[in-house]
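Coordinate inspection notes
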Amino acid sequence: MALVVTALAPKAAADAAGGAPGPAAPGAVPGRVVSLNLCTDQIAMLIAAPGQLVAVSYLAADPRASAMAAEARAYRLTRGRAEEVFLMRPDLVLAGTFTTPATVDLLRRLGLRVETFPPVDGLAEIGAQIRAIGAAMGRAEAAEALAEGVEAGLAALSAAVRDGAVRPRAALYAANGWTGGEASLSGEILAAAGFANAAAEAGLEGGGFLPLELLIRLAPDLVIPSARYPGASRAEELLSHPALGRLPLSPVATDADWVCGTPAVLRALAGLIAVRDSLGAAPADGTAGAAPVPPAPGLAPGLAPG
Amino acid sequence: MRGAGSAAAPAALVLLTAVTLAGFAASLLVGPAGLGLGESLRALVAGGPPGDAVTLIMREVRLPRALLGLMIGAGLGLAGAALQGFLRNPLAEPGLIGTSAAAALGAVIALQTGLAALHPAALPALALAGAAVSVGLILGLAGPRGGAFALILAGIAVSALAGALTALVLNLSPNPFAAAEIVFWTMGSLADRSWLHVALAAPMILAGGAVLTAQARALDALTLGEDAAAALGVNLPRLRLVLVLATAAVVGGATAVAGAIGFVGLVVPHLLRGIAGGRPGALLPLAALGGAALLLFADVAVRLIAPDRDLKLGVLTALLGAPFFLHLIWRMRGGRA
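Residues numbered from 1 in each chain as written. Chains lettered and ligands numbered in written order. Predicted model: local features only at pLDDT ≥ 70, side-chain atom pairs only at ≥ 80, totals over all residues. Heavy atoms only, no water.

Residues and elements named next belong to chain A. Burial analysis of strand β2 (residues 53–57) places five of its five residues in the buried class, the great majority of the element. Bridge count between strand β1 (residues 33–35) and β2: two bridges; the pairing is parallel. Opposite valine 34, over in β2, you have alanine 55 as the bridge partner. The β-α-β motif built from β1, the intervening helix α2 (residues 38–47) and the parallel element β2 has right-handed crossover chirality. (Buried < 20%, exposed > 50% of the residue type's maximum accessible area, 1.4 Å probe, protein only. Helix = DSSP H or I, 4+ residues; strand = E, 2+ residues; numbered from the N terminus. Pairing = 2+ DSSP bridges. Right-handed = clockwise from strand over helix to strand, strands pointing away.)

Rendered as structure tokens:
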């Protein structure tokens, strides 16, 4: 548990690797880092040396998308336009592989060092992603501490999951009827919490759009909706369809904690395990009850990130 | 000629009713869940135990969608026939003259300002307001005696303005999904509509449709010319106001829940005009049935062509309708030369 807490309180973590800011020589620790991607934003905020991270994307400050919105307000926020980024004179730009290629290309043509990172698709990749960003930022030690903390937290939570004979069947259901497949981060959170992914029965192992009719036909034991954005959209109006209200809806929704491979995933997983435990006593199909294993005491409270 | 057409009308009504019912049944029976015919009908009529998946699909997903297809198709066919009768212009159609686009703008404003969340009726009400402004504008710009091209040009201007404002409002929305839905508002779809949407659209479409149907005699009289119609007791300014409001109600109600679906009101009256013997009054019920049948089958087709893509209804109706539109323009040009 201590490891997890350390991981989530990065400001207290070892600070030894912080590079002295100064004229940036090639290969030196980058003194000024700008992040343009919601997920690299959060990891960079967790491992950066004081003053090293200059700006993060505006999405990082949006509580509906970012698990670290409050922290992000301490940084300059950027919309990621090349001109704006260039004027910040960064030594390193962190971007996602899906960041506008035009922007990334232009920044590289302007002579900036841009490192791109693919989205994390599985729980096992989180540690590697944190270490890779740490290596790019010259913050290997802080990254190692954070990655080990996340891995230990995941191991502890997995040990707490009651693995009964019957795994309740759950379906993720987001705007437009999008459902996360088994090979996505949200799908892995679902599996780690002890659920079977009902969407896989409909042939959507990789995720995809699940028509409302098919969702009803699958009759899952739990439907996990996505958290709503403000303003109206037809995409999210689907989530208030009366027929969906007749299905067993999860009290927790997929929110900002589910988006990126960061320590926030631990909080998402713990929340879902709690839902699983509340279902566990009586699976909806009634064929078998899971063995009543008490949840690991004190686990969930310790997960709240600073 | 006219007599033959009138005699054909009752038979055509029966035939169109049968086609519409077939479309309604197809709309209920086709869907991604791939339910059997027997279990579908049993679940729809008798229902199953509480929480039964098939009953839920039939009654909460497919029935409202089929009813909306029926009402919206009938409403659009009727509105097209009535406008064409009043303007004596076969190109007058809610989609072409910008009424649907303006109704969509009203609906988008209601949704994005939060008015629709305050009171659900704000959604169809603002769509009606948008439609009414545009129909009024078009009649003012092109006028009852304005030529076909003045009408179409005014329609292009209104459509472009309403479409641009719709895109602007959606792009400024705090909801990241809203901007991607510009195509829904310009092309229309009935996917995942529920009883909530039936309740929003039905009162306006039914009321507007009833008022339009009641203008049959006045529209017939108008074929003799405005003076003759006035001599027969038709109050032209009043007829114009009634038509503006009733068309706006039908198009506003339809567009508020299904987006702008074009060409239904163009194709259907064009195909059926001969059967009605050139009488706009007799054309009204035929156009309503034809519109319903067209939209129901189009909505079945989008489910068959691209089951998991939400292909927009307007794509199909435009593919069908645009050639008719070109044909009409060609014929008018030929007539003039």
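What follows concerns the side chain of glutamate 226 of chain B. Residue and element names in this part refer to chain B. Here glutamate 226 shows up in helix α11 (residues 226–231). Residue class for glutamate 226 comes out buried when judged on its relative accessible area of 18%. Here arginine 88 takes part through its side chain, which lies 3.2 Å from a polar atom of the side chain of glutamate 226. (Polar contact = N/O pair within 3.5 Å; in protein donor to acceptor, adjacent residues only side chain to side chain.)

For the rest of this paragraph, the subject is the packing of helix α6 (residues 125–137) of chain A against helix α7 (residues 140–160) of chain A. Residue and element names in this part refer to chain A. Between α6 and α7, whose axes approach to 8 Å, the crossing angle comes to 170 degrees. Judged on the interaxial angle alone, α7 and α6 are roughly antiparallel. Two secondary-structure elements touch here, α6 through Ile126, Gly127, Ile130, Arg131 and Gly134 and α7 through Ala140, Ala143, Glu144, Leu146, Ala147, Glu148, Val150 and Glu151. Residues belonging to the contact of α6 with α7 are distributed by class as follows: seven nonpolar, two polar and four charged. (Axes fitted to C-alpha atoms, helices over the stretch in contact; angles between N-to-C directions. Parallel < 35°, antiparallel > 145°, perpendicular 65-115°, else oblique. Contact = heavy atoms within 4.5 Å. Nonpolar A, V, L, I, M, F, W, Y, C, P; charged D, E, K, R; others polar.)

All names here are of chain A. Here arginine 169 shows up in strand β6 (residues 169–173). Sequence separation between arginine 169 and glycine 203 is 34 residues, and the spatial gap between their C-alpha atoms is 14 Å. If we ignore the near neighbours within four places in the chain, the residues touching arginine 169 are Ala196, Ala198, Glu201, Leu218, Ala219, Pro220, Asp221 and Leu222. There is a polar contact of 2.6 Å between the side chain of arginine 169 and the backbone oxygen of leucine 218.

Okay, the interface of chain A and chain B next. Taken together, the contact between chain A and chain B spans 25 residues of the former and 32 residues of the latter. A buried area of about 2400 Å², summed over both sides, lies between chain A and chain B, and 60% of it is on carbon and sulfur atoms. For the chain A face of the interface with chain B, the top three residues by lost area are Glu213, Arg217 and Arg234 of chain A, together amounting to 33%. Applying the counting criterion to the chain A and chain B interface returns five salt bridges. (Buried area = accessible area lost by both parts, 1.4 Å probe. Salt bridge = Lys/Arg side-chain N within 4 Å of Asp/Glu carboxyl O.)

What follows is about the sheet that holds strand β8 (residues 196–197) of chain A. All names here are of chain A. The parallel open sheet is built from three strands, whose spatial order is β8-β6-β10. The outermost strands of the open sheet, each flanked by one partner alone, are β8 and β10 (222–225). Across two bridges, β6 lies against β8 in parallel orientation. Bridge pairing in β8 links arginine 169 to alanine 196.

Extensive coverage of α2 of chain A is indicated by the burial of nine of its ten residues. Here α2 of chain A starts with a cap whose side-chain oxygen sits 2.8 Å from the backbone nitrogen of cysteine 39 of chain A, and that cap is asparagine 37 of chain A.

The subject of this paragraph is a nonpolar patch on the surface. On the surface, Leu161, Leu165, Leu168 and Leu172 of chain B cluster together into a nonpolar patch covering about 410 Å² of accessible area. Topologically, leucine 165 of chain B is positioned in helix α7 (residues 148–171). (Patch = residues over 30% accessible without salt bridge, like charges linked within 9 Å, V, L, I, M, F, W, Y side chains within 5 Å. Areas by Shrake-Rupley, 256 points an atom, 1.4 Å probe, with all protein chains shown as cover.)

Turning our eyes to something else, we now look at the sheet that holds β2 of chain A. Residues and elements named next belong to chain A. Strand order in this open sheet of five strands is β3-β2-β1-β4-β5, and the pairing throughout is parallel. The strands lining the two open edges of the sheet, one partner per strand, are β3 (76–78) and β5 (114–117). For this sheet, the mean angle separating the axes of adjacent strands, direction not counted, is 25 degrees. Along the sheet face, helix α5 (residues 101–109) touches β4 (92–96) and β5 and points at about 150 degrees away from the line of β5.

Turning next to the domain arrangement of chain A. Residue and element names in this part refer to chain A. Taken domain by domain, chain A consists of domain 1 (2–156) and domain 2 (164–303). The interface of domain 1 with domain 2 comprises 24 residues on the first partner and 24 residues on the second. At the boundary of domain 1 with domain 2, total buried surface from both sides reaches about 1800 Å², with 74% on carbon and sulfur atoms. Along the contact surface separating domain 1 from domain 2 lie zero salt bridges. Taken together, the connections running from domain 1 to domain 2 amount to two residue pairs in polar contact (both at pLDDT 80 or more). (Domains from an automatic or database assignment.)

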